[in-house]
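One letter stands for each residue in the lines below.
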Amino acid sequence: MATVKIKFRPSTIDGKQGSIFYQVIHNRVVRQQKTSYHLYANEWDNRSSTVIIPRFDESRREYLTEIRNRIEMDIKHFQKVFSDFEHSGYPYSADDLIAEFMTAKHDIYLYAFTEEVIANLKTLGKFRTSETYAAAISSFRRFRENRDLALSNIDSDMMVAYEAYLKNRGVSPNSSSFYMRNLRAVYNRAVEKGLVVQRHPFKHVYTGVDKTVKRAVSIDAIKQIKELDLSVNSSLDFARDMFLFSFYTRGMSFVDMAYLRKKDLANGFLSYRRRKTGQQLFIKWERCMQDIVEKYDNPRSDYLLPIIKPTNNIDERRQYIYAAHNVNRYLKIIGKQLELSIPLTMYVSRHAWASIARSKNVPISIISEGMGHDSEATTRIYLASLDTTAIDNANRMILGFL
């Protein structure tokens, strides 16, 4: 059977990038196939024939990870071509193999390409985006009954059929739009790489976001949640405490709570960087926050809250996901006990803080800064010189109503 080797040809000019090429060998005949992949000599490991990914150069790391993933995909394509020729029973040459590879290379399949994109995102630490892509492709696989298809075969008729499938399954318009937007993002990545011609397959399906019912509860409901006696059920008690901690800390998201470390609390202030936006926030530490931390303190852990446990063999992100699922499940039970009009989740604490602050005439600018919103440029400009004391005073006022 034929073999393929990955080779690097350095540039003859100092400081210039060299190029990757493939060497196909069959019946002792050697042929070469050029690629468009370029890198510097110090970015290539000759012994293992692999791209070296730098640890600290973010822009270069992303580019080289992409090159490495595309090389891996090319090798898989070569191996499929070799296998197909071998099982055909007909004689073939190294030239035939390369010709077929170049033809097949332009016929990239959706599932394989999406897996490559997801792997690349994980390498870059973009786990949330990789998870949304995985959820979308999983739904589309069910629609297709796991049958793969070439990117070039994705058209608007197929997406309309997929949308109808989701609707018949009782999927809400917003959830359907979520899947469509993520599939479109994957498709557009392939377009940007020149792997498929843009045919706008999503132009006839819904990709917007409908307004949903606001998920907030009153200050009286927060008091009820706080005053519940849940001592006989540690799972409900923990879920309630996590909800209250989020509310106390201006609606901190659960993922940010999970990764808080004890070193983040110093000199009466809790500092953390939002994982969603990267924005640095500072919160004046209050007694109600300390009570929860002391209740669950683990001297052997560096984490402030017991969401991620260092002695657990499960990786940190998976622990956070499991914990989020369980906490929300138990919060819904608490919400039903109190006969709340909406399902109680961690998100409710965030929205409740904002809604209650607004009802107490706290300026929108302070609410936005307090919650770490940075999506509106005008808000960011206005808040550029805002004294965080105003935010701390607003939070203390809200906590005083409990």
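Look up: the structure comes first, before these words.
Chemist: Explain the overall build of the protein chain to me, please; I cannot follow it from the model alone.
Modeler: Broken down by element type, the protein chain carries 15 helices and 8 strands. Against the compact-globule benchmark of 21 Å for 402 residues, the protein chain has a radius of gyration of 27 Å, which places it well outside the compact range. When the backbone C-alpha atoms are referred to their principal axes, the protein chain occupies close to 80 × 55 × 45 Å. Classification of the 402 residues of the protein chain by burial places 44% in the buried group. Taking as baseline every contact in the protein chain between residues at least 6 positions apart, the subset at least 24 positions apart corresponds to 59%. For the protein chain, the accessible area works out to roughly 22500 Å², and carbon and sulfur atoms hold 50% of it. With 60 positive and 45 negative side-chain charges, the protein chain shows a separation of 1 Å between the mean positions of the two kinds.

Chemist: Any chance you could explain the pattern of salt bridges here in plain terms?
Modeler: If the charged atoms of two oppositely charged side chains come close together, the side chains can form a pair. This model, assessed by the stated rule, comprises 17 salt bridges. One salt bridge in this structure joins Arg240 and Asp237, with 2.8 Å as the shortest N-O distance. Linking Arg240 with Asp237, this pair stays in helix H8 (residues 234-248), spanning 3 residues, or about one helical turn. As far as the burial class goes, Arg240 and Asp237 line up, both buried. The partner of Arg274 in a salt bridge is Asp256, and the shortest N-O contact between them spans 3.9 Å. With Arg274 in the loop between strand S7 (269-273) and strand S8 (280-284) and Asp256 in helix H9 (residues 254-258), this residue pair connects regions lying 18 residues apart in the sequence. By relative accessible area, which is 8% here, Arg274 ends up buried. Through salt bridges with shared partners, a single network forms among Asp237, Arg240, Asp241 and Lys295.

Chemist: Would you take a moment to explain the packing of aromatic side chains for this structure?
Modeler: Aromatic ring pairs are defined here through the distance separating the ring centres and the angle between the ring planes. Applying the stated criterion to the full structure yields 16 aromatic pairs. Ring geometry for Tyr187 against Phe202: centres 6.1 Å apart, planes inclined by 70°, an arrangement best described as edge-to-face. Placement of the pair is Tyr187 in helix H6 (residues 173-192) and Phe202 in the loop between H6 and helix H7 (219-227), with a sequence separation of 15 residues. On the accessibility criterion, Tyr187 (2% relative accessible area) is buried. What links up through ring pairs into an aromatic cluster is the set Tyr22, Phe78, Phe82 and Phe101. Sitting over the face of the ring of Tyr259, Arg275 holds its NZ or CZ atom 3.8 Å from the ring centroid. Above the face of the Tyr330 ring, Arg329 is positioned so that its terminal group lies 4.8 Å from the ring centre.

Chemist: Can you walk me through the pairing of strand S1 (residues 3-9) in this structure?
Modeler: Regular strands show a simple pattern: their side chains alternate between the two faces of the sheet. Only one face of S1 is covered, namely the face carrying Val4, Ile6 and Phe8; the face carrying Thr3, Lys5, Lys7 and Arg9 is uncovered. As defined by bridge partners, S1 adjoins strand S2 (residues 18-26) across 7 bridges and the pair is classed as antiparallel. Paired with Lys7 across the two strands is Phe21, which belongs to S2.

What counts as what
- Residues numbered from 1 in each chain as written.
- Predicted model: local features only at pLDDT ≥ 70, side-chain atom pairs only at ≥ 80, totals over all residues.
- Heavy atoms only, no water.
- Helix = DSSP H or I, 4+ residues; strand = E, 2+ residues; numbered from the N terminus.
- Rg over C-alpha atoms; globule rule 2.2 N^0.38 Å.
- Buried < 20%, exposed > 50% of the residue type's maximum accessible area, 1.4 Å probe, protein only.
- Contact = heavy atoms within 4.5 Å.
- Areas by Shrake-Rupley, 256 points an atom, 1.4 Å probe, with all protein chains shown as cover.
- Lys, Arg positive; Asp, Glu negative; His and termini not counted.
- Charge placed at Lys NZ, Arg CZ, Asp CG, Glu CD.
- Salt bridge = Lys/Arg side-chain N within 4 Å of Asp/Glu carboxyl O.
- Phe/Tyr/Trp six-rings, centres within 6.5 Å; stacked < 30°, edge-to-face > 60°.
- Lys NZ or Arg CZ within 6 Å of the ring centre and 35° of its normal.
- Pairing = 2+ DSSP bridges.

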